[in-house]
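Fold and geometry: a report
Read off the chains here:
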Protein chains: 2
Amino acid sequence: MLAAPNPHPRLVILGGGFAGLAAARALRKAPIEITLVDRRNHHLFQPLLYQVATAALNPADIAYPIRSVLRKQRNVRTILARAERIEVGAKRVVLVDGVVEYDYLIVATGATHSYFGRDEWEPWAPGLKTVEDALEVRRRVLSAFEAAEREPDRQRVRELLTFVVVGGGPTGVELAGALSEIGRLTVAKDFRTFDPRSVRVVLVEGAERVLPVYPVELSEKARRQLERLGVQVLTSARVTEIDANGVRLGEERIHARTVLWAAGVAASPLAKSLSVPLDRAGRVLVEPDLSLPGHPEVFVVGDLMSLACEGKPVPGVAPAALQAGRAAAANVQRLMQGQRAQAFRYRDKGSLATIGRAAAVAQLGGWRFSGFFAWWLWWVVHIAYLIGFRNRLVVMMGWAWQYFAFSRGARLITGRAWQPSAAAPKGAEPAKSAPQEALR
Amino acid sequence: MLAAPNPHPRLVILGGGFAGLAAARALRKAPIEITLVDRRNHHLFQPLLYQVATAALNPADIAYPIRSVLRKQRNVRTILARAERIEVGAKRVVLVDGVVEYDYLIVATGATHSYFGRDEWEPWAPGLKTVEDALEVRRRVLSAFEAAEREPDRQRVRELLTFVVVGGGPTGVELAGALSEIGRLTVAKDFRTFDPRSVRVVLVEGAERVLPVYPVELSEKARRQLERLGVQVLTSARVTEIDANGVRLGEERIHARTVLWAAGVAASPLAKSLSVPLDRAGRVLVEPDLSLPGHPEVFVVGDLMSLACEGKPVPGVAPAALQAGRAAAANVQRLMQGQRAQAFRYRDKGSLATIGRAAAVAQLGGWRFSGFFAWWLWWVVHIAYLIGFRNRLVVMMGWAWQYFAFSRGARLITGRAWQPSAAAPKGAEPAKSAPQEALR
């Protein structure tokens, strides 16, 4: 048992993402004993994860130990643990290796990517939610260039230099733009046997336009900026198959050794243990005050909550998570003081997506921008949100460097070897087509 | 076959470490076709690897793509591949996935750590030769602190906070000093249930003194500086057993969940395929001109070579590797011009070892230093050697930051979960003693 005798009520926060951290910090002066549980030791600035995947930043530039973020807040205890289930009746959370009891609970365990029931696609099309995901993507992309350098067969070189990004939301758009830049600018001088500018990046989106939740005008601008960077944008295109050789879109086949998944979101499986109705993506349908139906002492926030605010669904973005985390914290304080919880109101502060070097689209209130100014704005907003001064400084420097030198500093292939042609078509000559092993 | 028709002689360099890169760069103006083969895509600045292991630097700060280092040198082709064996008779190197022929060969594949025939110790005492090694050490050290935070049993907390470093050479001394500082300064405010200053670091060295290849006076100063940092230094102490519970030194037992290996070096196994006499550590006994006995067209340099120069063995350090790489390149040029190869002369430029914040020992020519000036010197020399301007700048900033803020910016637990108590003593209560899983 982790609970100790204490006169203060006990709040447990599950998850140290934007929502969980915001809740903990909002209660820094409250007479409450907070336990923050995360299965990782670091808070991750997910909006910049694609920069790690494309070798522009180091993992430590966008991740920061949760324990350090909360170092000075004496009413918080941080524990590194994996929560297995929530027992709302007994008011306790069962961990893999222990139990923690609560008076109030804030669940902020977020979401992961989903393959819409086609989990067999995962080995061929990794997603982008964790530091490990980003390093895996980086390894595959860089290994594909290395393999192309040694490949004598023209057709196979083309497959190695074709990158398909599935999903045209902000992450997919950012990934596709960055991949195209890597090929065209960054590694252009590093290779001898092929022209890196022959890199082909294909962005596949099921809806009619990229960035489907943005205004039509911005989607159109994003598409044009992507195409200027050399990205081939396919909209209203549904992926029907992914395997070692690439992607099938109905009748069409795109031969590619590297496919990246930026579509589909599934809520943390912890939601199932709450025994309440979930939406199609597995998110918890919360009350207007963010509480669990029938359990006013339990709040669900961030990407795990499903809520409509003034008729519009609250989106799964960082600003919404920050706002919901703070709102849940305020409601906990109201309950502690015998008051009633208040309904959450989401304030849409706008949307931003970056596309490449000095290209982005933005919508802020009634204003819409694209091009260099939007890119600069995106940059300022993201740096401002980054937790930890050192990280802000390092990220800023890394970007300035990358911008002026067209260079990417984190181009390491690490970890276990990824073999893009391990499942090459039968009949291929193994001695030539097998990619080199990147590692010991 | 990777060889293409070319009027120039073909030089193959195996290994992109200090020796291999120095050889390639020395031949940048020579009329020769160079192929550099490495099984990794990056050159690693090994002297700073312990800084990654102790969370001060990111991997990308001390590693740089070989391809980029040689970008402007048009007579070099870099390939990412693993060499399986060398066939000196046929003048070719057999790769896992191909063959490369040569007229001249420079073998610079270096060394790895050795457990003196006790390979079963490896899971309990990881070494420090690669980026992955360093991340594994970092994961174990940080996970031990996390597990200690949640452990109710006093004895087990003590075991979790005890770190044993086996081997008192430069790497061991640097690791031990940095570990002690992590506990005493860096994480001091991050934990709630134990006093991080109760961290115990034990350095075990088999010889009579630490840094046994340095002058006696410096060894003594290093020992005093280590002890001032709180490191317990055990000399003339031989490890007889390592397992999940710690280390045995003859009759004595040190209970520790984290043991790190900084002793023993074994040459790259590629040396065996050369069919020439090897020394006890598996290194190639080369001719005075660094060539292979009976094969004047093959040179062996860096940590893989075994050679005495003016009666003293050439040490396995970066300056010796750089010098030997350049000497072998010069001999290749002499042979190309019909001249005779010349004997290698090693110039000892001195020794440096850092111990902690503003503490180090140095020997330069007849001069010996310790304390702050030696530390500052160490810092300048290592930064100056770092390849790539960006890396120099980032490392310098990271250190300045760490020095002034007592902070370590790269404290991420990533990769697969390491479970320090997976093999805990029988009878332990699993629900409490099992460490939390750091990862999905």
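Sequence positions are assigned chain by chain, starting from 1 and proceeding in written order. Whichever chain is written first becomes A and whichever ligand is written first becomes 1, with later ones labelled in order. The predicted nature of this model means local features are confined to residues of pLDDT at least 70 and side-chain atom pairs, given and counted, to a pLDDT of 80 or more, with totals for whole chains, interfaces and linings taken over all residues. Side-chain descriptors were evaluated using all non-hydrogen atoms of the structure, hydrogens and water having been removed beforehand.

Helical segments are the DSSP runs of H or I of at least four residues, strand segments are the runs of E of at least two, and each set is numbered from the N terminus. Secondary structure summary: chain A contains 12 helices and 27 strands in total. With 440 residues in all, chain A has 60% of them scored as buried. Put simply, 64% of the contacts in chain A that link residues at least 6 apart link residues at least 24 apart. Only the protein chains shown count as cover for residues, with accessible areas throughout obtained via the Shrake-Rupley method and a probe of 1.4 Å. About 17800 Å² of surface is accessible on chain A, with carbon and sulfur atoms providing 52% of the total. Buried, partly exposed and exposed residues are distinguished by accessible area as a fraction of the type maximum, computed with a 1.4 Å probe on protein chains only: under 20%, between the cut-offs, and over 50%, respectively. Contacts are assigned to residue pairs with any non-hydrogen atoms lying within 4.5 Å of each other.

Looking now at the pattern of salt bridges. A carboxyl oxygen of Asp or Glu within 4 Å of a side-chain nitrogen of Lys or Arg is what we treat as a salt bridge. All chains considered together, the criterion is met by 42 salt bridges over all chains. D97 of chain A is the partner of R150 of chain B in a salt bridge, and the nearest nitrogen-oxygen pair spans 3.2 Å. A residue pair is termed interchain when its members come from two chains, as with R150 of chain B in helix α5 (residues 131-150) and D97 of chain A in the loop between β7 (92-95) and β8 (98-101). We note that R150 of chain B, like D97 of chain A, is buried. Residue R223 of chain A is joined to E227 of chain A by a salt bridge in which the shortest nitrogen-to-oxygen separation is 3.2 Å.

Looking at the element boundaries, E297 of chain A is found in strand β21 (residues 295-300). We treat Lys and Arg as the positive residues and Asp and Glu as the negative residues; His and chain ends play no part in the count. Here E297 of chain A occupies a buried position and makes no salt bridge, while the nearest side chain of opposite charge, K91 of chain A, is found at 4.6 Å.

All names here are of chain B. Ordered by their spatial adjacency, three strands build an open sheet running β14-β15-β16, and the pairing between neighbours is antiparallel. Across the chains shown, the open sheet's two edge strands, defined by having one partner strand only, are β14 (241-243) and β16 (252-255). When the angles between neighbouring strand axes are averaged without regard to direction, this sheet yields 15°. Direction of pairing for strand β15 (residues 246-249) relative to β16: antiparallel, over a ladder of four bridges. In this description, strands pair whenever DSSP reports at least two bridges between them. Fitting a line to C-alpha atoms yields each axis, with helices limited to the stretch in contact; the angle taken between N-to-C directions then spans 0 to 180 degrees.

A separate point is the nonpolar core. By nonpolar core is meant a set of buried Ala, Val, Leu, Ile, Met, Phe, Trp, Tyr and Cys residues that side-chain atoms within 4.5 Å join together. By size, the foremost hydrophobic cluster in this structure holds 113 residues, and its most contacted members are F145 and L290 of chain A. Not counting chain neighbours up to four residues away, the residues in contact with L290 of chain A comprise V298, F299, V300, V301, M305, L307, A324, A327, A328 and F344 of chain A. With 112 residues, the next largest nonpolar core counts L11, L21, A147 and V231 of chain B among its residues.

Here we come to the environment of N58 of chain B. Mapped onto the fold, N58 of chain B is located in the loop between α2 (49-53) and α3 (59-62). In this structure, the C-alpha to C-alpha distance between N58 of chain B and V131 of chain B, residues 73 residues apart in sequence, is 9.6 Å.

Now for the pairing of strand β21 (residues 295-300) of chain B. All names here are of chain B. In terms of strand pairing, strand β9 (residues 104-107) meets β21 through three bridges, oriented parallel. Note that in β21 the partner of V107 across the bridge is V300. Relative to β21, strand β20 (residues 291-292) runs antiparallel, the two being bridged by two bridges. Counted as the bridge partner of L292 is H295 from β21. Between β20 and β21, which pair antiparallel in sequence order, lie two residues; one of them, G294, sits at a positive phi of approximately 85°.

So, about the packing of helix α1 (residues 18-26) of chain B against helix α9 (residues 318-336) of chain B. Residues and elements named next belong to chain B. Running from N to C, α1 and α9 point in directions that differ by 35°, and their axes come no closer than 7 Å. Helix-helix and strand crossings are classified by hand; for α1 and α9 the assignment is right-handed. Counting all contacts with α1, which are made through F18, A19, A22, A23 and A26, the residues of α9 involved are A318, A321, L322, G325, R326 and A329. Gly is placed with the polar residues, together with every amino acid not listed as nonpolar (Ala, Val, Leu, Ile, Met, Phe, Trp, Tyr, Cys and Pro) or charged (Asp, Glu, Lys and Arg). Within the contact of α1 with α9, the residues separate by chemical class into nine nonpolar, one polar and one charged. Crossing handedness is defined as follows: a turn of the near helix away from the far one that is anticlockwise and smaller than a right angle gives a left-handed crossing, while the clockwise case is right-handed.

Turning our attention to the confidence of the model for chain A. All names here are of chain A. The pLDDT value expresses, per residue, how confident the predictor is, ranging between 0 and 100. Looking at chain A, pLDDT values average 83 and 80% of them are 70 or higher. Long-range and interchain partners of residues 1-5, a stretch whose pLDDT sits below 50, account for 11 contacts in this model, where long-range means more than four residues apart. In the predicted structure, residues 417-440 sits below a pLDDT of 50 and forms 60 contacts with residues beyond four places in sequence or in another chain. Prediction confidence for the complex, expressed as pTM and ipTM, is 0.78 and 0.71 respectively.

Residue and element names in this part refer to chain A. As judged from the four bridges shared by strand β6 (residues 83-87) and β7, these two strands associate in the antiparallel manner. Note that in β7 the partner of A83 across the bridge is L95. Between the end of β6 and the start of β7, which pair antiparallel, lie four residues, with K91 showing a positive phi angle near 50°.

It is worth spelling out the packing of aromatic side chains at this point. Residues and elements named next belong to chain A. Pairing of aromatic rings covers Phe, Tyr and the six-membered ring of Trp, with a centre-to-centre limit of 6.5 Å; geometry is then stacked below 30 degrees between planes, edge-to-face above 60, and tilted otherwise. A complete count under the given rule lists 16 aromatic pairs over all chains for this structure. Relative to F45, the ring of F18 lies with its centre 5.6 Å away and its plane at 75°, an arrangement referred to as edge-to-face. In this pair, F18 is assigned in helix α1 (residues 18-26) and F45 in the loop between β3 (42-44) and α2 (49-53), connecting sequence segments 27 residues apart. In this pair, the class of F18 matches that of F45, namely buried. One aromatic cluster is present, built from ring pairs that chain together Y115, F116, W121 and W261.

Right, let's get into the sheet that holds strand β15 (residues 246-249) of chain A. All names here are of chain A. With respect to topology, three strands assemble into an open sheet ordered β14-β15-β16, the strand pairing being antiparallel. Where the open sheet ends on each side, the last strands, each with one partner, are β14 (241-243) and β16 (252-255). Strand-to-strand twist of the sheet, defined as the mean angle between neighbouring strand axes without regard to direction, takes the value 15°.

Moving on, we get to the environment of L27 of chain B. Along the chain, the position of L27 of chain B falls in the loop between α1 and β2 (33-38). Residue contacts for L27 of chain B: discarding those within four places in its chain leaves L11, I32, I34, Q73, N75, A329 and Q333 of chain B.

Turning next to unusual backbone geometry. One non-glycine residue with positive phi stands out, namely S236 of chain A, at about 50°. Within the fold, S236 of chain A resides in the loop between β13 (231-234) and β14. Even without being glycine, L290 of chain B reaches a positive phi, approximately 75°. With respect to the helices and strands, L290 of chain B occurs in the loop between β19 (284-285) and β20. Assessed through its relative accessible area of 0%, L290 of chain B is described here as buried.

As a further point, take the environment of L142 of chain B. Checked against the element boundaries, L142 of chain B lands in helix α5. Between the C-alpha atom of L142 of chain B and that of I413 of chain B, which follows or precedes it by 271 residues, the distance is 6.8 Å.

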